[in-house]
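Understanding the architecture of this molecule
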Amino acid sequence: MSRIISFFMAVISFFSALFGNETGRPYFKNEYTIPETTEPYSRIDTSPKTDWTANFIWDSSGGTEENVWMCLRKTVDLSSVPETLNAFISADSKYWLYINGKNAVFEGGAKRGPTPGGGYYDTVDIAPYLKAGTNVICALVWYWGKDTSFSSTDSGKAGFIFEAGDIISDSSWKARRDIAYKTDTSLSKPNYRLPEFNIYYDARQEIGDWLSPGFDDSAWENATQCGKGVCAPWGELYSRGIPLLKDYGLKDYENSSDYKGRTFLFNRTVTLDIPYNAQCTAYLKVEAKAGKKIRILTENTWLGCVSDIYITKDGEQEFEALGWFNGEHITYEIPSGVKILELKYRETGYGTEFSGNFECENEELNSLWQKSLRTLYVTMRDNYMDCPDRERAQWWGDVTNEMAMTMYSLDSNAYLLYQKGVASMLGHVSEDKVLQTVVPVSGDYFELPVQQLAGICGFWTYYLYTGDVDFINQVYDACYDYIHLWTIGGNHLVNHRAGSWDWMDWGNYADVTAIENAWYYGALSAMLNIAEVTGRDSGDIGERMNEIKTGYASLWTDNGYKSSDVLMPDDRANALAVVSGLAGKDQYDVITSVLTKTKNASPYMEYYVLEALCRMDKYEEAKDRMLQRYDKMIKEDYSTLWEGWTKADGTMNHAWSGGPLVIMSKYFAGVRPAEAGYSEFIIKPQMAGLGKVSCVVPSVKGYIKVYETQSGVSFTLNAEVPGGAAAEIYVPYADGQTVKLCGSVIYENGAFSGADGIEFDGVNDGFAVFSIKSGADRSLSFEVN
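Residues numbered from 1 in each chain as written. Predicted model: local features only at pLDDT ≥ 70, side-chain atom pairs only at ≥ 80, totals over all residues. Heavy atoms only, no water.

Overview of the pattern of salt bridges
As enumerated under the stated definition, the model contains 43 salt bridges in all. Residue Asp571 pairs with Arg625 through a salt bridge whose shortest N-O separation is 2.9 Å. Remark: Arg625 occurs in helix α12 (residues 619-629) and Asp571 occurs in helix α9 (residues 571-580); sequence separation between them is 54 residues. Both residues of the pair, Asp571 and Arg625, belong to the buried class. A salt bridge links Lys666 to Glu611, with the shortest nitrogen-to-oxygen separation between them at 3.0 Å. Here Glu611 lies in helix α11 (residues 603-615) and Lys666 lies in helix α14 (residues 659-668), a separation of 55 residues in the sequence. A residue is classified by how much of its surface remains accessible, and Lys666, at 11% relative accessible area, is buried. Accessibility expressed as a relative area gives 3% for Glu611, which makes it buried. (Salt bridge = Lys/Arg side-chain N within 4 Å of Asp/Glu carboxyl O. Helix = DSSP H or I, 4+ residues; strand = E, 2+ residues; numbered from the N terminus. Buried < 20%, exposed > 50% of the residue type's maximum accessible area, 1.4 Å probe, protein only.)

Focus: the sheet that holds strand β33 (residues 739-741)
Here 8 strands make up an open sheet; going across it, the order is β24-β29-β30-β31-β38-β33-β34-β35 and the pairing antiparallel. The open sheet is flanked by β24 (357-360) and β35 (751-752), the only strands paired with a single partner. Pairing of β24 with strand β29 (residues 692-699) involves 4 bridges; the strand directions are antiparallel. Across the sheet, the residue bridging to Glu359 is Ser694, located in β29. (Pairing = 2+ DSSP bridges.)

Considerations on the side chain of Arg73
The topology assignment puts Arg73 in strand β3 (residues 68-78). Here Arg73 falls in the buried class, since its relative accessible area comes to 2%. At 3.2 Å, the side chain of Arg73 and the backbone oxygen of Phe215 are in polar contact. Not counting chain neighbours up to four residues away, the residues in contact with Arg73 comprise Val136, Ile137, Cys138, Trp173, Lys174, Trp210, Leu211, Ser212, Pro213, Phe215, Asp217 and Trp220. (Polar contact = N/O pair within 3.5 Å; in protein donor to acceptor, adjacent residues only side chain to side chain. Contact = heavy atoms within 4.5 Å.)

A look at the packing of aromatic side chains
For the structure on display, the rule yields 60 aromatic pairs. Arranged with centres 5.0 Å apart and planes meeting at 40°, the rings of Trp460 and Tyr463 form a pair that is tilted. One end of the pair, Trp460, and the other, Tyr463, are both in helix α5 (residues 449-466), 3 residues apart, so they sit about a helical turn from each other. Exposure class is identical for Trp460 and Tyr463. Each is buried. Over the face of the ring belonging to Phe88 we find Lys49, whose NZ or CZ atom lies 4.4 Å from the ring centre. Here the guanidinium or amino end of Arg392 rests over the ring plane of Trp324, the centre of that ring lying 3.5 Å away. (Phe/Tyr/Trp six-rings, centres within 6.5 Å; stacked < 30°, edge-to-face > 60°. Lys NZ or Arg CZ within 6 Å of the ring centre and 35° of its normal.)

Examining the sheet that holds strand β36 (residues 758-764)
The strand order β27-β28-β32-β37-β36 describes an open sheet built from 5 strands, whose pairing is mixed. The outermost strands of the open sheet, each flanked by one partner alone, are β27 (671-673) and β36. Ignoring strand direction, the axes of neighbouring strands in this sheet form an average angle of 20°. The pairing of β27 with strand β28 (residues 680-683) spans 3 bridges and is antiparallel. Looking across to β28, one finds that Pro673 is bridged to Phe681. (Axes fitted to C-alpha atoms, helices over the stretch in contact; angles between N-to-C directions.)

Here it is as C-alpha cells:
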C-alpha cells in the first residue's frame with residue numbers, strides 16, 4: 001500500500017506544478033553578479049592517458065551487480081605535504097572523495113562515453129586536504145550497471161582507480177560494500193533512459209562513521225585488483241575536459257523554518273521550496289524511532305526524475321541522498337512520530353558563471369531572457385541535456401541551440417561542455433559514416449538527420465563566436481563524409497533520408513521536403529565556409545549547393561515555399577529558407593506574412609523562426625511573435641521553460657526553448673561577431689519599441705557592454721569595446737541630425753570631423769556607421785539628436 005501512496009504522491013506533485021497558477025511570481029530574475037573579467041578561451045585534451053601505474057579496484061564480488069555502493073579506504077603516511085599533488089581518478093560510475101574527513105570531490109566522474117568503450121578521468125589537486133603524518137583517503141563509489149542509457153555507456157563492471165604520485169589504488173586499500181543502500185522496488189522508477197537509480201537507504205544497516213580518520217577498518221577485506229590503468233572492460237580513459245561540479249553548499253529551503261522542530265501525529269506530506277529550478281540533493285536531520293520511511297520527490301518525479309527513500313534508525317540522525325534530481329518544489333513524506341530537526345538541500349551544477357545579461361523596459365522580455373538562462377543552466381552537467389529529469393540525454397538539436405545560448409550568457413568554461421560533446425560524437429561515428437544524434441548512448445542507436453544537419457551548421461556558428469580554427473578542422477572530415485550520405489534526385493532535391501527516427505520537429509504540418517533541403521543546404525554552406533577557412537578540399541560541395549538551390553526554387557509559390565507534402569506553407573520551412581540563404585530579399589515580404597500568420601513550430605524550431613524574422617529586418621514582428629508564443633511560459637510561476645507550448649506537452653525544463661535569449665542579445669541589443677572570434681564585431685541595435693536596452697556579452701575578447709536609449713528621434717549608445725577587437729557601430733540616424741561622441745560633434749551636415757581610432761563608413765539604411773579600430777579597452781558614448 002505504501003508504494004501505491006508514494007506513487008500517487010508523485011503524481012499529485014506533478015499535476016500541482018502542471019496546473020499551477022500564473023500569478024505568484026510573474027517576472028523571474030536570477031540573482032547573480034557578473035565576474036569582473038571573462039575566462040580565457042581553452043580547448044579540451046582529446047588524447048587518452050596511457051601511463052597509468054594504479055589499478056582498478058573493487059571488492060571480491062566481481063563487480064557485475066547493478067546499483068552497488070562501495071566504500072574504499074587508504075591510510076597514507078607523509079613526511080611533508082607538497083604544494084600541489086594531482087590525483088587522477090576514474091570510476092564506473094560515480095564517486096565521492098573524502099580526505100581526512102573532509103569532502104574533496106562531491107560527485108566525481110563524468111558519465112562514460114568519449115568512445116563506445118572508453119571513459120573519463122578527473123584531475124584533482126588533493127594537496128590542500130593533506131597533512132604531514134597520517135592521512136586517510138576515502139572514496140564512496142556508486143556503480144550503476146544499466147545496459148540501456150541515453151547518457152552513459154556501461155563497461156559491465158564496477159571499478160575505481162586513483163593515482164596521485166606514489167599513492168595508487170591497489171590491494172592495500174580496504175573495501176566494503178555499503179549494504180544500507182538498496183534498490184528501490186516502488187512503482188516510481190527513473191525513466192528507462194537514465195542510467196541512475198533511485199536512492200534507497202536503510203539507516204538501520206549503516207556502516208557507521210567510516211569517513212572519519214579514526215574509524216577502524218581492520219575487519220574490512222583488502223581490495224581486489226582488477227587490472228592496471230588502460231584495460232578491459234573500462235577501456236581508454238580520457239580527461240573529462242570540463243570543470244568539476246560547483247557545490248553551492250547546504251542551504252535552507254525558502255520555507256524550512258515552517259517545519260523545523262515539528263512532529264506530526266499523522267503521516268504528513270510537506271513541500272519545501274527552492275527559489276528556482278535547480279539540480280540538487282536533498283538533506284534531512286530528524287529524530288525518530290527505527291523503521292520509519294521518509295520519501296523525497298520533486299514535481300518532476302512523475303516524468304521519470306529520480307527520487308529518494310530513507311529508512312530511519314533509532315535516535316537523532318542526518319542523511320543526504322547523493323543522487324541528484326531537479327525541481328523548485330521538494331516534497332518530503334514524513335511519517336507520524338518523526339521530529340523534523342532540519343530540512344535542507346544542496347545545489348550542485350556545472351562549473352561556469354553567469355556572465356551575460358539583457359534588460360529592457362519590457363519586463364516580460366526580461367523575464368523570458370532570465371528564464372532561458374535558468375533553463376540552460378539546469379540542463380548542463382556531465383553533458384548538455386535535453387532535460388534534467390526524463391532523459392538527461394545529449395540530443396544534438398538541443399545542444400546546438402544551447403551552445404548558441406552560452407555565447408551570450410555564460411563564461412567560456414561552458415564552451416568546454418560543447419567541445420566534450422563534439423569529441424564524443426566524433427568518437428561514436430559508425431562504420432557507415434553516420435553521425436549519431438544522441439551520444440553517448442548504450443542499448444540503442446539514434447540518427448535524426450535534420451538534427452545532425454543543424455549540428456553541422458552549429459559547428460560554423462561555434463567558430464564564428466570563438467575563432468577556433470582547430471575545432472572546425474577537427475570536425476571537417478566526419479561532416480564531409482556525413483553530408484555525402486545524401487543523394488540528390490532528378491528534381492535537384494535530396495532523396496529523403498529518414499535515419500533511425502524520421503523527425504522534423506514536434507508539432508503538425510511539417511513540410512518535410514522543404515525543411516530537409518533547407519537544412520541540407522545550410523549544412524553544405526557551413527562546410528564550404530569551413531573548407532575556405534581551413535584550406536581543406538571542398539570537393540563537390542559547391543556543385544551540390546547549386547543543385548539544391550535550383551531544386552528549392554521550384555518550391556516557391558505566391559504564398560511562400562511549399563512542397564506537395566503540405567497544403568499550406570509551413571513557418572519552419574520558410575524560416576529555414578531565410579536562415580540557410582536559399583531565400584532572396586525579393587521573397588522576404590511573402591515569407592514574413594507566413595511567419596506572422598503560421599505557428600506550427602515547436603519551441604525548438606521557434607528559435608529559427610525568430611532568427612529568420614530578424615535577418616529580414618522584421619524586428620517588431622519578431623518581438624510580437626516572441627511575446628505571443630511565449631506568453632504562458634512568461635506568466636507561469638516557474639523559473640524554466642517548457643518542452644512544448646503547454647506544460648502538458650512534455651518536461652518543464654527544456655533548454656531548446658531558450659532561443660529568445662540569443663535573439664534579444666544578438667538583434668535587439670545588436671551585438672554579434674562580424675569576423676570569427678570577435679576580432680571584429682557589430683553593435684547594431686534594433687530597439688523594436690523597447691525604449692531602453694542594456695546588454696552584457698561575454699565574448700572571447702572580453703566583455704562587450706552596451707546601454708542604448710531611444711526617445712522619439714533621439715538616441716544614445718554607450719558601449720564598452722574590449723581590447724584586441726575592432727567594432728562596427730551603427731547608431732540610428734535621420735537626415736539633419738547631429739552625432740556626438742563623448743560630448744563632441746563628430747558628424748553633422750554630411751561631414752565627419754574625425755575622431756581618434758574611428759572612421760566614418762557612411763549612412764546606411766537609417767544608421768550612421770562608424771568603424772572602431774582594434775586597440776586597448778575603450779568606452780564610447782554616442783548621442784544622436
